[in-house]
Structures are given as C-alpha cells and as structure tokens.
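Breakdown of the fold
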Amino acid sequence: MTALITAVSLIIFVIEAQLPSLTPIPGIKLGLANIAVLFALYALGPTSALFVLVLRIIMGGIFTGQMMAVLYSFAGGILAYLIELLLYKRLNKNHIWVVSVFGAIMHNVGQILVAILITSTVQLVVYLPVLIISGIITGAFTGLCAQFLLKRLETTKILKQ
Amino acid sequence: MYNYLKGENQLKRVVVFLIIISNILLLFGCGAGTSGYSTEFFSMDTVITVSAYGKKADEALSAAEKESNRLNDLLSVNGPESEINRLNADGSAVLSEESINIINTAVDLYYMTDGAFDITIYPIVDLWGFYTGEHYVPKDSELSELLKNTGCEKLVIEGSVVSFELPDMAIDLGGIAKGYASDKVAETVRSCGVKSAIMSFGGNVYAVGGRPDGSRWRVAIQDPADNSAYAGILELYDQVAITSGGYQRFFEQDGVRYHHIIDPDTGRPADNGVTSVTIVCDSGILADGLSTALFVMGYDKAVEFWREHSDMFDAVIINDRSEIFVTEGIKDIFSSDSAFEVISR
Amino acid sequence: MKTKHWIMIFSAILIICAADTVFLWHDDGEGSVVGVFEDGELIYSIDISTVDEDYEYRIETEYGFNVLSISSEGVSITDADCRDRTCVKHGRLRGGSPIICLPHKIVVRWLSEDQSGIDAVTGTLLK
C-alpha cells in the first residue's frame, strides 16, 4: 500500500517538475505531490507517511535529474510533514484540507529559507507572500482531494479507520 | 471567532497568528535589507560613520564601533577613565603603552614641523573656550604667560611615565586622536576580513581598499568658502584624507572671526591666508597632525615642508582667494570643476 | 472551529499576502544604482544613469557564467550557462524583484545609494 502511494507521489512530482516555475528561483515547487504524504498520514499513519516523503524526495531527485532541487524538496517536505503531523489528529475529518494548507505553507516557507541560505541573500524573502498564496491555494486543492478520497475509501472499508 | 482560546484551537490560532505577524514584519524588514553595511554613531566628540562591504561586514561594523568607544574613553580629555585627564591633573602619570605611543608620535611631529603641531597648547585652547563653549578672546599678556609653559621639549617621557617639567602644563591629544582612531578602527575592520570600506571620523576620511567593484572611493573636499559645495574630488584606495580648516569651528566677536586652529607660536588662531589643508597619506595619525601643522605654517612653509617629505604624504591647499594647490603625488587622483595648480617636487 | 472560520482565516492571509506582493513589487528601486552580488558579496555596482553606451558585463563564477546587459534604461541577464536560465527569463530588473541565478549564486538588484557618486566628504563637521 505504501509503495503504491509512493509511486503515485513520484508520478505527480515528476509531472509537476515539468511545469514552469512560479518564481525566478529555480527549483521551487508547488508541492502537489504532498497530497500523497497527507493521504498516507491519515490512511496509514506517520511512519508510512514519512517513508513516502523521503522516498519520493530521493527518487524524485534522481528521476528529474535536479539534485539541487532535492534540498528544496527536503526542507519543504520535512517542514510540511512536521506541521501536518502536529495537526492531523487535532482537526476533524472535514478539515483535512486545513491541515493540507498549513502543510503547503510550511513547505514553501522551507523552500524559501533554503534558497536564502544558499544564496546568502535575505532579499529573496520578497517571494514569501507569493509562495504563501500559492501554498494556500494548492494546499486547499490537494487537501480537498485527499479529504474526498479518504471519505470515499472509508465507506468502502479498505482502510482501517 | 468565539471559543478561540479553547485547547486544541489555541494551537491553530498560534500558528495562524505567527504567519500573519511574520508577514507584517516582512513588509518592514524588506526595506532595510540593503543597509546591513552601514552604521553611524557618536563618539570622540563627533559623528562617526562606517560603511563596509563583503561577507563579514556586519561583524566589522560592530567591531569598529567598539574600538571607537574604547579609544574615546582612553584618549578624551574629559572622561573619567581618561589617562590624559589624570596626567593633566597630577602633572605626572603612568600611562598605557598606547597613549605613550601616541604622545611619542605627537612629539615627533612637533620637532618635524618645527613646533607647528604642538599638543601642549591645551591650556591656551582651553582659555579660548573652544572646548567649553565659553568663548573668550585672551589678552596678549595672558597668552604670553601661558606660552611659557608650552612646547614638547618640556615633556619628559621615561618608560611609561610621562611628566611635565613645569607646573600648570597640560596636553590634549585631540589634534591626532581621530587620526589615530581611524588607523586602529581600519585595522579592526581589516582584521575581520573586510577589504572594502569607507569611514568618516567627524570628517576624517579613511578608505580601506576601494569600492567593492574595485574602483577607487570618491571623496570630496569641502569648499572652505561654501559649505554646500565641493572644492574637488579625491579618488582614494587604502588612503586617508584629513582636512583642517578654520571654517570648521570658530566664533565671532565684535565682527572678528576666531577659529580653533591655534598657532603655537602666537597663541592666536593661525592667520596666514590658508583656509583649508587636506593631507592624503596612508597613516591617519600623521595626516591628522600634519593637516593642523601645515595649516599653521601657511602656504610657503607648507610647500617647503612637503618638498622635504614628499614621499610621506601629499596635500591639497586652498587659500583665501579660493585658489587650489595640489601636490604632484596626487595630481592624477584629484579632480575639480575649478582650476588648480600642481605643486611639483 | 467551523469550516467557515478557517476559510475566513486563510482568505485574510491571502489578501494580506496579495497586498504585500503588490506593495513590494511596485517599489521601482530608489535611485539608479544596480548591484551584483555573488554569494552575498557585492562584486560589481553600476549607476545606470551614468551609462552612455550600452555594454555587457560578464560574470564568471566557479559554477558558470552570466552575461549582464547594461544600458541607461536598465539591466538584464541576456545569457547564462545555468540549467534552466531562469535569470535570463526574468527580463529587465524591476522594483522589488531581484534577478537571481541560484546555481551560480548570483543576485542582481537595486542598491539604495544616495549620492551623486560621492562616497564621503572630508573637512565637514567639527573637529
């Protein structure tokens, strides 16, 4: 099951990598693949979700050939994961999308921080507002998808909860 | 938004709050992004500005401020920690190595300039009220009395003890303190790894290296006749430019202007047709002392002096007819909208 | 907390960020001095108002090169050997948004410098 989710995550990631960049900073991603991590978190638990995340990051880097971007994925992904971990049990099932929004925001915050660190330019922080907006929107989108999916799957009882 | 302080909700509240706050901070922070490189502070009785470039710029700036303040406490005539204060009060004192070195340099300058630069004329400067603000025009008799106690030959320096031969003597390092400070602060800045910086110690400019792109620092010389204009521009690289001019500090009484650069021979403001002397060299302490000395000497003596020491410094001299004279060594780095004459070796 | 409340919160943040973006990007640089930074260190600066003839400045880093085109109208990166050439696609340097070449650690942005090319003045103030 975990493997399946990881695969899906990878696919999304690779497709997303083909999209034009949101900012002049190369490597900054929308984070659509996070939908998988979120899903795994609710469906399989934190360890599996972490697994999906790390695996996707590493293999995503290999598949897209941009090892530089791995740093961004990592920073963004880990921060997103942590905040989702923090929140996912505390909000009810209708608010999975909220968890996702927070995750997406933190994902972008992580990316900007890494970019600033690498170039030693604090000025890059001008992109934070744009990325927060993007985070809210993509987070809501992926979150709703995940939420929807989980609801459906619940009724069919494939998953534990 | 009631219930908003309840347990689990509180966490979310905090997170949201943080995002909003950091956002607002961003708005203000962004403007200040570029100025990690400059600082301005008050020390040594004047305003000091330091601009540094490069990776360690921030570090260099705070180190610079610290060093300036340390020197301020050490060298001022008024501070409670001032060694000079102690010396002047007791007539004799054990001083730190740093102070001894500065005094020795001052004495060297005294002999080199034939007494044109003299740190022992403090009692006279004090009488004029330039430090206290109580301006007073001394009588000839008062001055001749005080002049008897001046002259660096009356300073006795043995090891770390400095003493005065006569009672009522007093010294003031103000004429070279800033120059010395600029040397020390530049050293501090350089030791932080900074290779490009420009500093101003109350108008004494010290250029470390050149601009970040390698070009020379452009330093303007103020026009003594018109405070808002420039007499010319010097392009400096690892050099100091220090200017002495009567127009910088003066008072007027009964229609006569008295400025703060006292001629050690007469005890009165130097009056020989020179309005501004700018010294360019690589030592701040020398430039500071020499700018005062050459101003006191007047044009002819100053040119003669320069010719004897042309490898040590260069100068820009402006007289009361607004004529500009530039010594040969810097003729290629000096430019001006007005005409100027080059003094050759 | 109700869904509707969350929507309100996020909408609020969205609006603030949108306002920020407009605000930040509108600021069309005070002055006319452009600075080029490599790894946080200023390596080149030029006051474009002093440029008579357009010229190119080549930046060589250990990771590759970038070519900066400079004219009195503005600056832009017109060539680079970095992978995605985002810096080239950025176009002319505008207000708050710097031109960045991340792989080469190059940032091109406005510097806020005040004077007409004078860095310091000697002989001012009290001594």
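Quick caveat: nothing in here was measured; it's all calculated off a predicted structure. (Residues numbered from 1 in each chain as written. Chains lettered and ligands numbered in written order. Predicted model: local features only at pLDDT ≥ 70, side-chain atom pairs only at ≥ 80, totals over all residues. Heavy atoms only, no water.)

Section: the overall build of chain B
Per the secondary structure count, chain B includes nine helices and 17 strands. The buried share of chain B, taken over its 345 residues, is 54%. Sequence-distant contacts in chain B: of pairs separated by 6 or more residues, those separated by 24 or more amount to 58%. (Helix = DSSP H or I, 4+ residues; strand = E, 2+ residues; numbered from the N terminus. Buried < 20%, exposed > 50% of the residue type's maximum accessible area, 1.4 Å probe, protein only. Contact = heavy atoms within 4.5 Å.)

Thoughts on the sheet that holds strand E14 (residues 314-319) of chain B
Residue and element names in this part refer to chain B. Pairing in this open sheet of nine strands is mixed, and the strands run E1-E2-E6-E7-E10-E13-E14-E15-E17 from one edge to the other. Edge positions in the sheet fall to strand E1 (38-43) and strand E17 (341-343), since each of these pairs with one other strand and no more. Here the strands of the sheet are splayed against their neighbours by 15° on average, with no regard to which way each runs. Strand direction decides the pairing type here: E1 and strand E2 (residues 46-53), joined by six bridges, are antiparallel. Within E2, the position partnered with Phe41 by the bridge is Ile48. Contacts from helix H8 (residues 284-297) reach strand E7 (204-208), strand E10 (240-245), strand E13 (274-281) and E14 within the one sheet, and its direction differs from that of E13 by about 155°. With respect to the sheet, helix H9 (residues 299-308) is in contact with E13, E14, strand E15 (324-327) and E17, its orientation differing from that of E17 by roughly 50°. (Pairing = 2+ DSSP bridges. Axes fitted to C-alpha atoms, helices over the stretch in contact; angles between N-to-C directions.)

Observations concerning a nonpolar patch on the surface
Residues and elements named next belong to chain A. A contiguous nonpolar patch, built from Met1, Leu4 and Val8 and spanning about 290 Å² of accessible area, is present on the exposed surface. Positionally, Leu4 belongs in helix H1 (residues 2-17). Classification of Leu4 by relative accessible area gives exposed; the value is 56%. (Patch = residues over 30% accessible without salt bridge, like charges linked within 9 Å, V, L, I, M, F, W, Y side chains within 5 Å. Areas by Shrake-Rupley, 256 points an atom, 1.4 Å probe, with all protein chains shown as cover. Salt bridge = Lys/Arg side-chain N within 4 Å of Asp/Glu carboxyl O.)

Structural notes on the packing of aromatic side chains
All names here are of chain B. Counted by the stated rule, this structure contains 17 aromatic pairs over all chains. Ring plane angle 50° and centroid distance 6.3 Å describe the contact between Trp128 and Phe251, whose orientation is recorded as tilted. Of this pair, Trp128 sits in helix H5 (residues 122-128) while Phe251 sits in strand E11 (residues 250-253), and the two are 123 residues apart along the sequence. Each member of the pair, Trp128 as well as Phe251, carries the same accessibility label: buried. (Phe/Tyr/Trp six-rings, centres within 6.5 Å; stacked < 30°, edge-to-face > 60°.)

A closer look at the environment of Tyr111 of chain B
Residue and element names in this part refer to chain B. Residue position: Tyr111 is located in helix H4 (residues 97-112). The class for Tyr111 is partly exposed, based on a relative accessible area of 48%. Between the C-alpha atoms of Tyr111 and Gly151, which are 40 residues apart in sequence, the distance is 9.8 Å. Residues within four places of Tyr111 in sequence aside, it is in contact with Cys152 and Glu153.

Describing the sheet that holds strand E3 (residues 55-61) of chain C
Residue and element names in this part refer to chain C. Ordered in space as E3-E4-E5, the three strands form an open sheet in which the pairing is antiparallel. The open sheet is flanked by E3 and strand E5 (75-80), the only strands paired with a single partner. Adjacent strand axes in the sheet meet at a mean angle of 30° when their direction is disregarded. As defined by bridge partners, E3 adjoins strand E4 (residues 64-70) across seven bridges and the pair is classed as antiparallel. When the bridges of E4 are listed, Tyr55 appears paired with Ile70.

Notes on the packing of H1 of chain A against helix H3 (residues 46-64) of chain A
Residue and element names in this part refer to chain A. It is the contact of H1 with H3, at a shortest axis distance of 9 Å, that shows an interaxial angle of 40°. With respect to each other, H1 and H3 are oriented oblique. Relative to H3, H1 is oriented so that their crossing is right-handed. Of the residues in H3, those in contact with Thr2, Ile5, Thr6, Ser9, Leu10, Phe13, Val14 and Ala17 of H1 are Ser48, Phe51, Val52, Leu55, Arg56, Met59, Gly60, Gly61, Phe63 and Thr64. (Parallel < 35°, antiparallel > 145°, perpendicular 65-115°, else oblique. Left-handed = near helix turned anticlockwise from the far one by under 90°.)

Looking at the environment of Leu144 of chain A
Residues and elements named next belong to chain A. Here Leu144 shows up in helix H6 (residues 128-156). On the basis of relative accessibility, which here comes to 46%, the residue Leu144 falls in the partly exposed class. Taking the C-alpha atoms as reference points, Leu144 and Ser100, separated by 44 residues in sequence, lie 8.3 Å from one another.

Points about the pattern of salt bridges
All told, the structure shown has 11 salt bridges over all chains when counted by the stated rule. With a closest N to O distance of 3.0 Å, Glu67 of chain B and Arg70 of chain B form a salt bridge. Taken together, the positions of Glu67 of chain B and Arg70 of chain B, both in helix H2 (residues 57-75) and three residues apart, correspond to about one turn of that helix. Take Arg70 of chain B: its relative accessible area is 34%, and that puts it in the partly exposed class. Between Arg58 of chain C and Glu60 of chain C there is a salt bridge; the shortest N-O distance is 2.7 Å.

Re the pairing of E11 of chain B
Residues and elements named next belong to chain B. Where E11 and strand E12 (residues 256-259) come together, four bridges link them in antiparallel fashion. For Glu252, the partnering residue across the bridge sits in E12 and is Arg257. Remark: two residues form the turn of the hairpin made by E11 and E12, two consecutive strands paired antiparallel; Asp254 in that turn has positive phi of roughly 55°.

Details of the state of the cysteines
Covalently bonding the sulfur atom of one cysteine to the sulfur atom of another cysteine gives a disulfide. Residues and elements named next belong to chain C. For the coordinates displayed, the defined rule picks out zero disulfides over all chains. Cysteine Cys101 shares no disulfide, and the gap to the nearest cysteine sulfur, in Cys82, comes to 3.6 Å. A relative accessible area of 1% places Cys101 in the buried class. (Disulfide = S-S within 2.5 Å.)

Notes on the side chain of Thr138 of chain A
Residue and element names in this part refer to chain A. Of note, Thr138 is situated in helix H6. Judged by its relative accessible area of 12%, Thr138 is buried. A polar side-chain atom of Thr138 sits 3.5 Å from the main-chain carbonyl oxygen of Gly135. Leave out the neighbours within four places in its chain, and Thr138 touches Leu30, Leu32, Ala104 and Gly143. (Polar contact = N/O pair within 3.5 Å; in protein donor to acceptor, adjacent residues only side chain to side chain.)

Comments concerning a negative patch on the surface
A grouping of Asp52, Glu53, Asp54 and Glu73 of chain C is seen on the molecular surface, where their side chains present a negatively charged patch. Looking at the element boundaries, Glu73 of chain C is found in the loop between E4 and E5. (Lys, Arg positive; Asp, Glu negative; His and termini not counted. Charge placed at Lys NZ, Arg CZ, Asp CG, Glu CD.)

Description of the packing of helix H7 (residues 174-191) of chain B against H8 of chain B
Residues and elements named next belong to chain B. The interhelical angle for the contact between H7 and H8, taken along N-to-C directions, is 155°, at an axis separation of 6 Å. Comparing the axis directions of H7 and H8 gives the class roughly antiparallel. H7 and H8 meet at a crossing whose hand is right-handed. Each of Gly175, Ile176, Ala177, Lys178, Gly179, Tyr180, Ser182 and Asp183 in H7 lies in contact with H8, whose residues at this interface are Gly284, Ile285, Asp288, Gly289 and Thr292.

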